[in-house]
Amino acid sequence: MEQYSAVILAAGKGTRMKSNQCKVLHSVTGRPMLAYVLDAVRNLQPKKICLVVGHQAQDVVRRFDSPDLNFVIQEPQLGTGHAVKQCSSLFKGFSGHVLIMCGDTPLVTSEILSAFKGFHESRSSKLTVLTTRLKNPYGYGRVEADRNEIITRIVEESDADRSQKLIQEVNTGIYLVQSRLLFELLENLKSDNAQKEYYLTDLISEAQLANVRPLAFHTDQDSVVVGVNSRNDLAKVNSLMWNRIRTQLMADGATLLDPATFYPDCGVTIGSDTIICPNVMITGLSSIGEECYIEPGCVINDSTIGNRVRIFSGSKLDNVEVDSDASIGPMAHLRPETKIGCRVRIGNFVEIKKTEVGVGSKASHLTYLGDSKIGEHVNIGCGTITCNYDGKTKHTTIIEDRCFVGSDVQFVAPVRVGSGSVIGAGSTITRDVPENSLAVARSKQKIFPLRFGQGMATKNEDR
Ligand code: UD1
Ligand code: CA
């Protein structure tokens, strides 16, 4: 079997994106689009992978640096043909075939690449182009073919005349070329076209001149090869990718009540029999256990959720761990480094940051817990807050097991409450409380008798 290597083009700015960020770093369902192309290529186990970088090269290298990649700088960026040519020294002495891909086609799969390679091998081809048919081919290179599978020319949008623009068969930007032939033909490219660039697509006419017959391998899976050139394409690709992820999650046993309004990032996992309501977003490295129920309007990022957890509407969880059988929300905000234990109940309008809440504890309403450690089976009353910040530093509040905290309590940190203690409602706790004690820290109620007429206005006076 012949040897294969790959070249991925990622040096362009992506002018049509109108962005300060280079195109291949733009995110598709939570990952830079180039990451998907690399995954698909790596699956084929090529001998060598060359990544051509140029625009924001440092950022791309920083993000993708890995021992199996050879970075090649293209400076200035004079077109796709010029980009591939920059790799020539890396292919000296290589007699196999080169798979050429663009970094802006994130929907490409290793399955389609394998089929493409299979075709190229079976025809003993020296140059094969992966093509597809698009209802709206605008922006793509149009493929002219004279006989079955043999390409005569690829015409770019900006160079096409009216009849060429009607051609629906397009170049996907994916090629397999015999290495020596490739670098020989690249020497002949000219930039006498509308964009004044060295087009890789001119390989076709150069091959014809060298008596090589370029073949087309047509795929019907047109969505797999969509290229991202504009924000509109980016939205289209995101939506196709979301569909792919949703389909997989449902195949794995999750119920999506309205798949179209569930937005999972690539890599999110969901256990079987979990139900996801409409308008939910789960991003980053998140995993949701089995038999969970997630109500509308929840946003969960980089979080690990156990089994049978209920997350009620409008809750936001970022970088937290929630253990099994807990319930969260509605309208709860769990911030980074928070750990919620088994069977914990976090209710409405509760904000928790960098805090551990032990097994079976409850904070059911209107509470802020920051930089704290709450033991097991603790009850945190409504309106309790930890005063964790003195304007300069954050301090810790520790409330040990089985404490009962009444409503409207402030803990002025640093402070510790020993296990089994009770804090009276309305207390401002500034000093440590020993275990099994009652602490009350509020001013005594005073009673003053009113003379007749001093109190609330009567109904008549109101008018
Ligand atoms: C290219 C093809 C077009 C095809 C389409 C498929 C050419 C001339 N045209 O057009 O036939 O239908 O892809 O998606 O090849 N790049 C570089 N250096 C450069 C220019 C581009 O590395 O100097 C990289 C870009 O970062 C990008 C890829 O090459 O990842 C394709 O470039 P782009 O400008 O998007 O080409 P298209 O106009 O889409
Ligand atoms: Ca493109």
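Residues numbered from 1 in each chain as written. Chains lettered and ligands numbered in written order. Predicted model: local features only at pLDDT ≥ 70, side-chain atom pairs only at ≥ 80, totals over all residues. Heavy atoms only, no water.

## Concerning the domain arrangement of the protein chain
The following threshold applies: An automatic or database domain assignment supplies the start and end points of every domain. Whether two residues are in contact is decided by their heavy atoms, any of which lying within 4.5 Å being enough. For any pair of parts, buried area is found by adding up, for both, the accessible area (1.4 Å probe) each one loses once the two are put together. Salt bridge criterion: a side-chain nitrogen from Lys or Arg within 4 Å of a carboxyl oxygen from Asp or Glu. N or O atoms within 3.5 Å of each other form a polar contact, as long as, within protein, one can give a hydrogen and the other can take it, and as long as residues adjacent in sequence are counted only when both atoms are side-chain atoms. Think of it this way: any DSSP run of H or I at least four residues long counts as a helix, any run of E at least two long counts as a strand, and we number them from the N terminus. Any residue that is not Ala, Val, Leu, Ile, Met, Phe, Trp, Tyr, Cys, Pro, Asp, Glu, Lys or Arg is counted as polar, Gly included; the first ten are nonpolar and the last four charged.
Along its sequence, the protein chain is carved into domain 1 (4-230) and domain 2 (232-439). If you look at the interface, domain 1 gives 19 residues, while domain 2 gives 14 residues. Carbon and sulfur atoms supply 67% of the area that domain 1 and domain 2 bury against each other, a total of about 1,300 Å² over both sides. Of all residues in domain 1, the largest losses of buried area upon contact with domain 2 belong to Thr29, Leu107 and Ser230, amounting jointly to 47% of the total for that side. Seen at the junction of domain 1 and domain 2, the total is zero salt bridges. There are eight residue pairs in polar contact (both at pLDDT 80 or more) connecting domain 1 and domain 2. Counting only elements with at least two residues in the side of domain 1 that touches domain 2, the list comes to β2 (27-28) and α1 (33-43). Residues that form the side of domain 1 that touches domain 2 fall into these classes: nine nonpolar, nine polar and one charged.

## Brief notes about the site of ligand 1
Test applied: Residues are classed as near a molecule or strand on a simple rule: at least one heavy atom within 4 Å of it. To measure how exposed things are, a 1.4 Å probe is used in the Shrake-Rupley method; for residues, cover is taken only from the protein chains shown.
In the vicinity of ligand 1 lie 24 residues, with Gln74, Gly79, Thr80, Glu156 and Asn171 positioned nearest. With respect to ligand 1, the side chain of Lys23 contributes an N or O atom lying 3.1 Å from an oxygen atom. Asn171 is positioned with one of its backbone polar atoms (N or O) 2.6 Å from an oxygen atom of ligand 1. Computed on the free molecule, ligand 1 has an accessible area of 750 Å², of which 91% lies beneath the protein chains in the complex. Only β1 (4-10), α3 (80-85) and β10 (169-178) provide two or more residues apiece to the shell around ligand 1.

## A word on the coordination of the calcium ion (ligand 2)
What counts here: Donor criterion used throughout: N, O or S atom within 2.8 Å of the metal, extended to 3.2 Å for Na, K and Ca. Water excluded; incomplete-looking sites may result. The buried label applies to any residue whose accessible area, calculated with a 1.4 Å probe on protein chains only, is under 20% of its type's maximum; exposed applies above 50%, and partly exposed to all values in between.
Coordination sphere of the calcium ion (ligand 2), protein contribution only: Asp104 (OD) and Asn229 (OD1), at 2.3 to 2.4 Å. With Asp104 in the loop between β6 (97-102) and α4 (110-122) and Asn229 in the loop between β11 (215-219) and α8 (231-251), this pair connects stretches of sequence that are 125 residues apart. On the basis of relative accessible area, Asp104 is assigned to the buried category, the value being 11%.

## Side note on the side chain of Ser5
Position of Ser5 relative to the elements: it lies in strand β1. For Ser5, a relative accessible area of 2% corresponds to the buried category. A polar atom in the side chain of Ser5 sits 3.3 Å from the backbone nitrogen of Lys48.

## Focus on a nonpolar patch on the surface
Going by this rule: The patches described consist of residues with a relative accessible area above 30% and no salt bridge, like charges being joined within 9 Å and nonpolar side chains (Val, Leu, Ile, Met, Phe, Trp, Tyr) within 5 Å.
Together, Phe404, Val422, Leu438 and Val440 line one region of the surface with nonpolar side chains, adding up to about 370 Å² of accessible area. With respect to the element layout, Val422 can be found in strand β37 (residues 422-423).

## Examining unusual backbone geometry
The phi torsion of most residues other than glycine is negative, and most of the peptide bonds are trans. The linkage connecting Gly329 with the following residue, Pro330, adopts the cis geometry, with an omega of 5 degrees. Tracing the backbone shows Pro330 in the loop between β24 (327-328) and β25 (333-334). Here Ala413 and Pro414 are connected by a cis peptide whose omega angle stands at 5 degrees. Here Pro414 is to be found in the loop between β35 (410-412) and β36 (415-417). We note that Asn211 has phi near 60 degrees; this positive angle belongs to a residue other than glycine.

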